[in-house]
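The residues making up each chain are set out below.
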Amino acid sequence: MDLLSSMRISATGLSAQSTRLETIASNLANAESIGYKRKDPVMVPSTDREAFGEILKDKLDEHAQGVLVSEIHEDESPPQLKYDPSNPHARPDGYVEMPNVNPVIETANMVAAQRAYEANITAINAAKAMAMKALDIGK
Amino acid sequence: MSIKVFDQTYEALAKALELRTENQTVIASNIANADTPGFQAQELDFEKAMSKALGSGRDVENVEGDIHTQVNNVVREDGNTVDRDAEMVSLAQNQLLYDAAADLVKKKLALLKYSINDGGSH
């Protein structure tokens, strides 16, 4: 049990939030791509013993967990229909199935992911400052 | 009267540093899982146990923190109960108190050094 395991936990948070940002970037990039479905990361608490080794105590193991993106989920909500009969992908009734991506929601999620990333950075910096303070005792 | 070079205050401060480190891990875990559906925010309680042990003159070495799920938190739509702002405040508070304990250890050691050197500079 040390400050390094705290930093490791925050690092899992950083990588999960980066993955989330990547899916948001993909959604925004493909907002007009016909046939694309909105992607969403699924986050689960990580109890992976391999990742944390024996560093965390058993007691802490179940309570202090990292986070892991277990899968990228495809949003199955219906596509947005756009009337455009001249489009080669148009259905017989003249509608084109556009992706179920709403740029406004994606942008809001992007800001949330950014803030969450920063919160993890703050936690890492706090752990780092505490470790430095402990080293300072001996001086 | 016996004079101990390292008194009980050192033990108490060492224990405080240890428990604050543990608390930092619990808070980091809550922050990392602030977007995990169904995650229940945890907290480490030790201040009461610590002051009780110190008040009764018992050994602080055996004081243990109690990790449990935070109660009375707002449950979000996805079942997550992490209050991000409260966690950031706990993080800052925990860090400050850790720094304070580390500073006290340092000051006590400096005082010891001062008397070892017979009050002169080292």
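Structure's up top.
Residues numbered from 1 in each chain as written. Chains lettered and ligands numbered in written order. Predicted model: local features only at pLDDT ≥ 70, side-chain atom pairs only at ≥ 80, totals over all residues. Heavy atoms only, no water.

### Examining the overall build of chain B
Then, number 1: Check the secondary structure of chain B and you find three helices and two strands.
Then, number 2: The globule rule puts the C-alpha radius of gyration for 122 residues at 14 Å, and the 19 Å found for chain B is more than 25% above it.
Then, number 3: A principal-axis box enclosing the C-alpha atoms of chain B has dimensions of 65 × 30 × 15 Å.
Then, number 4: Here chain B holds 122 residues, and 39% of them are scored as buried.
Then, number 5: Put simply, of all contacts in chain B between residues at least 6 apart along the chain, 72% involve residues at least 24 apart.
Then, number 6: Total accessible area on chain B is roughly 7100 Å²; 55% of this is exposed by carbon and sulfur atoms.
Then, number 7: Across chain B, the 12 positively charged side chains and the 20 negatively charged ones have centroids separated by 7 Å. (Helix = DSSP H or I, 4+ residues; strand = E, 2+ residues; numbered from the N terminus. Rg over C-alpha atoms; globule rule 2.2 N^0.38 Å. Buried < 20%, exposed > 50% of the residue type's maximum accessible area, 1.4 Å probe, protein only. Contact = heavy atoms within 4.5 Å. Areas by Shrake-Rupley, 256 points an atom, 1.4 Å probe, with all protein chains shown as cover. Lys, Arg positive; Asp, Glu negative; His and termini not counted. Charge placed at Lys NZ, Arg CZ, Asp CG, Glu CD.)

### Describing the overall build of chain A
Then, number 1: Scanning chain A for helices and strands turns up four helices and four strands.
Then, number 2: Burial analysis of chain A (139 residues in total) assigns 35% to the buried set.
Then, number 3: Contacts spanning at least 24 positions in sequence make up 66% of the contacts within chain A whose residues lie at least 6 apart.
Then, number 4: Carbon together with sulfur atoms contributes 57% to the accessible area of chain A, which is approximately 7600 Å² in total.

### So, the interface of chain A and chain B
For an interface, size is often stated in terms of accessible area lost upon the parts coming together.
Then, number 1: Contacts between the two partners involve 38 residues from chain A and, on the opposite side, 32 residues from chain B.
Then, number 2: Together chain A and chain B conceal approximately 2700 Å² of surface at their shared face, both sides included; 64% is due to carbon and sulfur atoms.
Then, number 3: Interface area lost by chain A to chain B is led by H63, M130 and I137 of chain A, which between them contribute 24%.
Then, number 4: The tally of links from chain A across to chain B stands at three salt bridges.
Then, number 5: Salt-bridge contacts for D35 of chain B lead to R20 of chain A; the nearest nitrogen and oxygen are separated by 3.0 Å.
Then, number 6: Remark: the boundary between chain A and chain B carries nine residue pairs in polar contact (both at pLDDT 80 or more).
Then, number 7: For the side of chain A that touches chain B, the elements supplying multiple residues, two or more each, are α1 (3–29), β1 (39–46), α3 (58–63), β2 (66–74) and α4 (103–136) of chain A. (Buried area = accessible area lost by both parts, 1.4 Å probe. Salt bridge = Lys/Arg side-chain N within 4 Å of Asp/Glu carboxyl O. Polar contact = N/O pair within 3.5 Å; in protein donor to acceptor, adjacent residues only side chain to side chain.)

### So, unusual backbone geometry
All names here are of chain B.
Then, number 1: Despite not being glycine, N72 shows a phi value in the positive range, around 65°.
Then, number 2: Position of N72 among the secondary structure elements: in the loop between β2 (66–69) and α3 (84–116).
Then, number 3: N72 gets classed as exposed once you look at its relative accessible area, which sits at 80%.
Then, number 4: The phi angle at D118 is positive, at roughly 60°, despite the residue not being glycine.
Then, number 5: Mapped onto the fold, D118 is located in the segment after α3.

### Considering the environment of A14 of chain B
Residue and element names in this part refer to chain B.
Then, number 1: Considering the arrangement of structural elements, one finds A14 in helix α1 (residues 8–32).
Then, number 2: We classify A14 as partly exposed; its relative accessible area is 43%.
Then, number 3: Distance from A14 to E87, taken between C-alpha atoms, is 24 Å for residues 73 residues apart in sequence.

### Some points on the packing of aromatic side chains
Think of a pair of aromatic rings as described by two things: how far the centres are apart, and how the planes are tilted against each other in angle.
Then, number 1: If you walk through the whole model with that rule in mind, you get one aromatic pair over all chains.
Then, number 2: The ring of Y36 of chain A carries K39 of chain A above its face, with NZ or CZ at 4.3 Å from the centroid.
Then, number 3: Positioned over the ring face of Y10 of chain B is K108 of chain B, at 5.1 Å from the centre of the ring. (Phe/Tyr/Trp six-rings, centres within 6.5 Å; stacked < 30°, edge-to-face > 60°. Lys NZ or Arg CZ within 6 Å of the ring centre and 35° of its normal.)

### Structural notes on a nonpolar patch on the surface
Residues and elements named next belong to chain A.
Then, number 1: A contiguous nonpolar surface patch, about 190 Å² in accessible area, is contributed by L21, L28 and M110.
Then, number 2: Take L28: it is sitting in helix α1.
Then, number 3: Residue class for L28 comes out partly exposed when judged on its relative accessible area of 31%. (Patch = residues over 30% accessible without salt bridge, like charges linked within 9 Å, V, L, I, M, F, W, Y side chains within 5 Å.)

These values are about where atoms sit, not about what they do.
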